[in-house]
Amino acid sequence: MALTGLEIFKLLPKTNCGACGVAYLPGLCHGLAAGKTDLSKCPYISDEARAKLVEASTPPSPGNHRGGASALKNRRGNRDVPP
Ligand code: SF4
């Protein structure tokens, strides 16, 4: 399920360090929510938050009605399925 800009904001470090190149952090959050930017812009995000955001942004596989990335991982029998 896609996350809103506010939900994404809650997962980010909220340091306003500016390393992501945005002067206004909610701008990055809304960009992530809209798929217009990516997580690589933030070098300080935790692994846990990154995993949640990647999972939320992974679309379900076409023709697979049992779920997105989780179903793909199970079907391939490994844990390292790229997004
Ligand atoms: S780089 Fe990460 S921690 Fe720094 S302002 Fe951007 S989102 Fe926040």
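Here is what the cut-offs are and how they apply
Residues numbered from 1 in each chain as written. Predicted model: local features only at pLDDT ≥ 70, side-chain atom pairs only at ≥ 80, totals over all residues. Heavy atoms only, no water. Near = heavy atom within 4 Å. Nonpolar A, V, L, I, M, F, W, Y, C, P; charged D, E, K, R; others polar. Salt bridge = Lys/Arg side-chain N within 4 Å of Asp/Glu carboxyl O. Helix = DSSP H or I, 4+ residues; strand = E, 2+ residues; numbered from the N terminus. Buried < 20%, exposed > 50% of the residue type's maximum accessible area, 1.4 Å probe, protein only. Arc of directions from axis to C-beta. Contact = heavy atoms within 4.5 Å.

**Examining the site of the ligand**
Thought 1: Near the ligand the following residues occur: Pro13, Thr15, Asn16, Cys17, Gly18, Ala19, Cys20, Leu25, Leu28, Cys42 and Pro43.
Thought 2: Residues of the shell around the ligand, tallied by class, amount to eight nonpolar, three polar and no charged.

**Notes on the pattern of salt bridges**
Thought 1: Counted according to the given criterion, the structure contains one salt bridge.
Thought 2: Here lysine 52 makes a salt bridge to glutamate 48, at a shortest N to O gap of 3.6 Å. A residue pair is termed a helical-turn pair when its members lie 3 or 4 positions apart in one helix, as lysine 52 and glutamate 48 do in helix H3 (residues 47–57) at four residues.
Thought 3: The class for lysine 52 is partly exposed, based on a relative accessible area of 43%.

**Brief notes about H3**
Thought 1: Buried within H3 are the following residues: Ala49, Leu53 and Ala56. For H3, the angular spread of the buried residues around the axis is 65°, confining them to a single face. Facing away from the buried side of H3 by more than 90 degrees, the exposed set consists of Asp47 and Glu48.

**Quick word on helix H2 (residues 25–33)**
Thought 1: Those residues of H2 that sit buried are Leu25, Leu28, Cys29, Gly31 and Leu32. In an axial view of H2, the angular spread of the buried residues amounts to 165°, which keeps them on one side of the axis.
Thought 2: Where the residues of H2 are buried, they touch helix H1 (5–11).
Thought 3: A positive phi of about 75° marks glycine 35, the residue just after H2.

Nothing here speaks to function; it is all geometry.
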